[in-house]
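Chain and residue survey
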Amino acid sequence: EMVMLPGFNQVLNVWQPMYTHMFEALIAAEPPTPQADGEKGKEPSEQGWYYVHLQTPGGTTNLMNPEYNLTVGSKAPLVGVLMRIVAAQRTPDSRLALVVQGMSRVRI
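Calculation notes
- Residues numbered from 1 in each chain as written.
- Predicted model: local features only at pLDDT ≥ 70, side-chain atom pairs only at ≥ 80, totals over all residues.
- Heavy atoms only, no water.
- Helix = DSSP H or I, 4+ residues; strand = E, 2+ residues; numbered from the N terminus.
- Contact = heavy atoms within 4.5 Å.
- Areas by Shrake-Rupley, 256 points an atom, 1.4 Å probe, with all protein chains shown as cover.
- Salt bridge = Lys/Arg side-chain N within 4 Å of Asp/Glu carboxyl O.
- Buried < 20%, exposed > 50% of the residue type's maximum accessible area, 1.4 Å probe, protein only.

Time to look at the overall build of the protein chain. Summing up its helical and strand segments, the protein chain has one helix and four strands in all. Counting from the amino terminus, the protein chain carries its helices and strands in the arrangement β-α-β-β-β. Across the protein chain, the fraction of contacts at a sequence separation of at least 24, relative to all contacts at a separation of at least 6, is 55%. Accessible area for the protein chain stands at about 7,600 Å²; split by element, carbon and sulfur atoms hold 57% of it.

In structure tokens, the structure reads:
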């Protein structure tokens, strides 16, 4: 289990097949290009791949449990952190090393 917080960077060592596949599918696409926010004085959006991190009670044991579906009234947390993948590298033993940055709190 890992806690992510907005404003913090973290290095992820991804070795579980389901997460390796998920992140590989995400980073296989071109990252969104930076775009101006349209408001004077604001910086363009940061480039990278984005995902939402949720801390699920029980971790992977509850991924397929219907009681933890991402719906109002379920046991699943509906508040997480928007994460940006800053860098990704495949290691010789097939793991993924990811540098991620917590961007903001999100509600599902």
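Before going further, it helps to spend a moment on the pattern of salt bridges. Opposite charge on two side chains lets them pair, provided their charged atoms get close. Applying the stated criterion to the full structure yields three salt bridges. Across the salt bridge formed by Glu-24 and Arg-90, the nearest N and O atoms sit 1.7 Å from each other. Remark: Arg-90 occurs in strand β3 (residues 79-90) and Glu-24 occurs in helix α1 (residues 17-28); sequence separation between them is 66 residues. What makes Arg-90 partly exposed here is its relative accessible area of 37%. Notably, a salt bridge pairs Asp-93 with Arg-95, separated by 2.8 Å at the nearest N-O pair.

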